[in-house]
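Here are the chains, one letter per residue:
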Amino acid sequence: VIQSFIDELAEYDAEHLNSEISVNAINLVENTCKRFHIVSQQLLSRYNGRPTIEVKDEYDVQYVLHALLLLNFGDVRREDWTPSYAGGCSRVDFILKNKNLVIEVKKTRKGLDAKHIGEQLMIDIQRYKAHPHCQTLICFVYDPEGRIANPRGLENDLNGIHQGISVIVMIAPSGV
């Protein structure tokens, strides 16, 4: 009976520890995304006219975000394939495999507004639910020009549990 209790306690502690680690990882990724715009603006300012890094498209967002994620995570994997959904498959932008956390990156541009971003994210959510290492999906939408008129509304529409995975949508800069 005592051994059974000890085993149960050890299992509870392991689950609790994994839960704390996951929450901490999510918080670190969220903070990185919230401050991304500040970082991208800072990268534009260099001494003596030296070349800068300008975030112009989604690939640039991925490039800078990858470097920022490496500050807090030793194993940041890029471009893992998702299982097929509706006749197609796509690549995960980043995966923190040991945290069961997937990060999808979008950047608004002309022709990619709130409606289209929302549609793309809904498709991504469907694809990632089948990924073996996706318990949490963080969708980071970088919107430096403010093309999304109601960012909190889009976040609220998509945030939550979707068929077993936790989805967190973050649109930055927040403007709030």
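Model, not experiment: these values are computed from the prediction.

Visitor: It is not clear to me how the environment of V55 should be interpreted in this structure. Could you clarify?
Guide: Mapped onto the secondary structure, V55 falls in the loop between helix 2 (36–42) and helix 3 (58–69). The buried category is assigned to V55, whose relative accessible area is 13%. Along the backbone, V55 and L44 are eleven residues apart, and their C-alpha atoms lie at a distance of 8.9 Å.

Visitor: Just checking my understanding: could you explain helix 5 (residues 151–158) for this structure?
Guide: Each turn of an α-helix holds 3.6 residues, which means side chains three or four residues apart point in the same direction. Among the residues of helix 5, P151, G153, L154, E155 and L158 are the ones counted as buried. Residues of helix 5 that are buried sit in contact with helix 4 (114–128), strand 5 (160–162) and strand 6 (165–172). Of the residues one or two after helix 5, G160 is the one with positive phi, at around 140°.

Visitor: Is there a simple way to explain the nonpolar core in this structure?
Guide: General note: in soluble globular proteins, nonpolar side chains tend to be found buried as a group. Among the nonpolar cores identified, the biggest contains 24 residues, and V29, F36, L65, L69, I103 and F140 are the most heavily contacted of them. The biggest single contributor to this core is helix 3, with five residues. Setting aside residues no more than four positions away along its own chain, I103 makes contact with V29, L65, L69, V92, D93, F94 and I138. Membership of the second largest hydrophobic core comes to 19 residues, among which are V102, I125, Y128 and I148.

Visitor: Looking at this structure, how should I read the confidence of the model for the protein chain?
Guide: Mean pLDDT over the protein chain works out to 86, with 80% of the residues at or above the 70 mark. Model confidence for the protein chain, summarised as mean pLDDT per element, is weakest for helix 1 (residues 2–34) at 69 and strongest for strand 4 (residues 136–142) at 97.

Visitor: Even after reading the chapter, I still don't get the pairing of strand 3 (residues 101–107), so can you show me in this structure?
Guide: Within a regular strand, side chains alternate between the sheet's two faces. In terms of burial, strand 3 is a largely internal element, seven of the seven residues being buried. Across three bridges, the pairing between strand 2 (residues 91–96) and strand 3 is antiparallel. Directly across from I95, in strand 3, lies its bridge partner V102. Viewed along the sheet, the connection from strand 3 through helix 4 into strand 4 turns out right-handed.

Visitor: Can you help me understand the packing of aromatic side chains in this one?
Guide: The geometry of an aromatic ring pair is captured by the separation of the ring centres together with the interplanar angle, meaning the angle of the planes. Enumeration over the complete set of coordinates arrives at three aromatic pairs. One aromatic cluster is present, built from ring pairs that chain together F36, F140 and Y142.

Visitor: Whenever I open this one, the pattern of salt bridges confuses me. Can you help?
Guide: A side chain with one charge may pair with a side chain of the opposite charge, provided their charged atoms come close. Under the definition given, this model contains seven salt bridges. In this structure, R77 and D75 form a salt bridge, with 3.0 Å as the shortest nitrogen-oxygen distance. The exposure class of R77 is partly exposed, given its relative accessible area of 36%. Of the charged contacts in the structure, one is a salt bridge between E155 and R152, with a shortest N-O distance of 2.8 Å. With E155 and R152 both in helix 5 and three residues apart, the pair spans about one turn of that helix. E155 gets classed as buried once you look at its relative accessible area, which sits at 11%. One continuous salt-bridge network, built from bridges that share partners, spans E104, K106 and D124.

Visitor: What is the right way to look at the environment of R46 in this model?
Guide: Within the secondary structure layout, R46 lies in the loop between helix 2 and helix 3. Residue R46 is classed as partly exposed on the basis of its relative accessible area, which comes to 44%. Apart from residues lying up to four places away in sequence, R46 is in contact with P51 and T52. At 2.8 Å, the side chain of R46 forms a polar contact with the backbone oxygen of P51.

Visitor: How do you make sense of helix 3 when you look at a structure like this?
Guide: The end-to-end C-alpha distance of helix 3 is 16 Å, a good match for the 16 Å that twelve residues give at a rise of 1.5 Å each. Every buried residue belonging to helix 3 is among V61, Q62, V64, L65, H66, L68 and L69, and all of these are buried. Capping of helix 3 at its N-terminal end is provided by D57; its side-chain oxygen lies 3.1 Å from the backbone amide nitrogen of Y59.

What counts and how
Residues numbered from 1 in each chain as written. Predicted model: local features only at pLDDT ≥ 70, side-chain atom pairs only at ≥ 80, totals over all residues. Heavy atoms only, no water. Helix = DSSP H or I, 4+ residues; strand = E, 2+ residues; numbered from the N terminus. Buried < 20%, exposed > 50% of the residue type's maximum accessible area, 1.4 Å probe, protein only. Contact = heavy atoms within 4.5 Å. Core = buried A, V, L, I, M, F, W, Y, C linked by side-chain atoms within 4.5 Å. pLDDT = per-residue confidence, 0-100. Pairing = 2+ DSSP bridges. Right-handed = clockwise from strand over helix to strand, strands pointing away. Phe/Tyr/Trp six-rings, centres within 6.5 Å; stacked < 30°, edge-to-face > 60°. Salt bridge = Lys/Arg side-chain N within 4 Å of Asp/Glu carboxyl O. Polar contact = N/O pair within 3.5 Å; in protein donor to acceptor, adjacent residues only side chain to side chain. Expected span 1.5 Å × (residues − 1).

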